[in-house]
Every structure is written in C-alpha cells, then in structure tokens.
Amino acid sequence: MNRALRIIFSRYGIIVTILVLVLGVIALANRRQETPLDGTNGIDSSEGEATSEGLLEDDGFATEGCEGDGCFTDAELPEEAVDTAVEFTEAWLNPDGRSTQGWHDSIEPFLTTDSADAMEGVDPETVPAEEIVGEATAEGLKVGVPLDTGTLTLTMVEGSNPWTENGWLVSAIDWEQS
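Report on the accompanying structure. Just so it is clear, the structure is predicted and the values come from calculations on it, not from any experiment. (Residues numbered from 1 in each chain as written. Predicted model: local features only at pLDDT ≥ 70, side-chain atom pairs only at ≥ 80, totals over all residues. Heavy atoms only, no water.)

### Focus: the overall build of the protein chain
Part 1 of the argument: Looking only at helices and strands, the protein chain has 6 helices and 4 strands in total.
Part 2 of the argument: Traced from its N-terminal end to its C-terminal end, the protein chain shows the element sequence α-α-α-α-α-α-β-β-β-β.
Part 3 of the argument: Evaluated residue by residue, the protein chain yields a buried proportion of 31% over its 178 residues.
Part 4 of the argument: Summed over all atoms, the accessible surface of the protein chain reaches about 11,800 Å², with 51% contributed by carbon and sulfur. (Helix = DSSP H or I, 4+ residues; strand = E, 2+ residues; numbered from the N terminus. Buried < 20%, exposed > 50% of the residue type's maximum accessible area, 1.4 Å probe, protein only. Areas by Shrake-Rupley, 256 points an atom, 1.4 Å probe, with all protein chains shown as cover.)

### Here we look at a negative patch on the surface
Part 1 of the argument: Judged by side-chain charge, Glu 79, Glu 80, Asp 83, Glu 87, Glu 90, Glu 135 and Glu 158 come together as a negatively charged surface patch.
Part 2 of the argument: Note on placement: Glu 158 falls in strand E3 (residues 150–159). (Patch = residues over 30% accessible without salt bridge, like charges linked within 9 Å, V, L, I, M, F, W, Y side chains within 5 Å. Salt bridge = Lys/Arg side-chain N within 4 Å of Asp/Glu carboxyl O. Lys, Arg positive; Asp, Glu negative; His and termini not counted. Charge placed at Lys NZ, Arg CZ, Asp CG, Glu CD.)

### Here we look at the nonpolar core
Part 1 of the argument: Formed by 28 residues in total, the largest nonpolar core has its most connected members in Phe 88, Trp 92, Ile 107, Val 143 and Leu 147.
Part 2 of the argument: Residue assignment for this core shows that the elements contributing at least two residues are helix H4 (79–92), helix H5 (100–107), helix H6 (113–119), strand E2 (142–147), E3 and strand E4 (167–177). (Core = buried A, V, L, I, M, F, W, Y, C linked by side-chain atoms within 4.5 Å.)

### Quick look at the packing of H4 against H5
Part 1 of the argument: Running from amino to carboxyl end, H4 crosses H5 at an angle of 175°, the nearest separation of the two axes being 9 Å. Overall, the two elements H4 and H5 adopt an arrangement that is roughly antiparallel. Where H4 approaches H5, its residues Phe 88, Ala 91 and Trp 92 are matched on the opposing element by Trp 103, Ser 106 and Ile 107. (Axes fitted to C-alpha atoms, helices over the stretch in contact; angles between N-to-C directions. Parallel < 35°, antiparallel > 145°, perpendicular 65-115°, else oblique. Contact = heavy atoms within 4.5 Å.)

### A word on the packing of aromatic side chains
Part 1 of the argument: Going through the model one piece at a time under the given rule, you end up with 2 aromatic pairs.
Part 2 of the argument: On the numbers, 6.3 Å between centres and 70° between planes, the contact of Phe 88 with Phe 110 is edge-to-face. You can see Phe 88 sitting in helix H4 and its partner Phe 110 sitting in the loop between H5 and H6, a full 22 residues away along the chain. Residues Phe 88 and Phe 110 agree in their burial class; the two are buried.
Part 3 of the argument: Geometrically, the ring pair formed by Trp 92 and Trp 175 is tilted, given 6.3 Å between the ring centres and 45° between the ring planes. With Trp 92 in helix H4 and Trp 175 in strand E4, the pair connects residues that are 83 residues apart, well separated along the chain.
Part 4 of the argument: Residue class for Trp 92 comes out buried when judged on its relative accessible area of 3%.
Part 5 of the argument: Judged by its relative accessible area of 7%, Trp 175 falls in the buried class. (Phe/Tyr/Trp six-rings, centres within 6.5 Å; stacked < 30°, edge-to-face > 60°.)

As structure tokens, this is what we get:
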C-alpha cells in the first residue's frame, strides 16, 4: 500500500493523473458536441425539455447536400414545394394547442425522416411565433415564410417518408427573429 501511494504521489504519478483528467475533459467535450439540438440531451423520451433559446440563435449547420436528378435551380423550385412549406408552417405554429406528441404527429408528414427524428420530444410551446403574416418566397431550395416575430426558413427536398410518397419535404428548419 505504501509503495502504491509513493508511486501515485511521485512526479510521474501526478503527470499520469493530470493526463487522465485532461483526456477525460476532452472526451466529455466531444460527447457534448454530439448532443442533439432538440433539448432531449440524447434521452429517448416523449417528455423532452426543449427550450426556445436554441431557436433564437443560428445553429450554424448548413444542410444543402442535394445530389442527383432531384436537384432544382433557383428558378425551378415548383409551387407545390412552397405550398408544402406553408402547410408545414401552419402545423408547426400549433394553432390547435396539441400536446407534444400530437404536435409532432401533425408536422411529421412534412419532414424528412432525419428531421422528424430530430424534432421528436420538442415542446410545441417553444415555437417562437403565432401566425403567418406574408407570402412565402422561394430562393434556391429554401422557402422563407414571414411570421409575426421573424422568418422561418425551410430547406425543401424532394423525396418520401413513411407518410408521404414522392413529395416535397422539409429537410432543415432555420429561424431568424426580427
């Protein structure tokens, strides 16, 4: 026991202890970067504790990876994509006051599978707006929908999910407060 303590408290033992602590902090920081932005902290629960603070800031993620024949230029985004974006926005605003799961079920048919998974457990009370106040405009693959407190920008892709076959879906949601 005496020998073990002598090794631990020697200068080499202290260096190893500090090294283990530094590596532990780095591992925790990397794990924190992998935490989802939906407020659930990686916990699979229908009672996520999302906050509206994350909706007020730019998340810095760009999700414009369009490949293949389904890509459209600025002039080619069809009106049905804009209509889908407006329908999604109407459901996203939650005018019927649905519960968390009911709200998620109402927006899920408009989302890609990845986006739907990311929105799982988000509280509809964190939606930072109440009504659409203008016409939606398309620019590239993005549709901007003016709301009473800012602009909702939706990235649209053509595809399918378990609820929709070959239609326009929301692949990314960005909020800019005015």
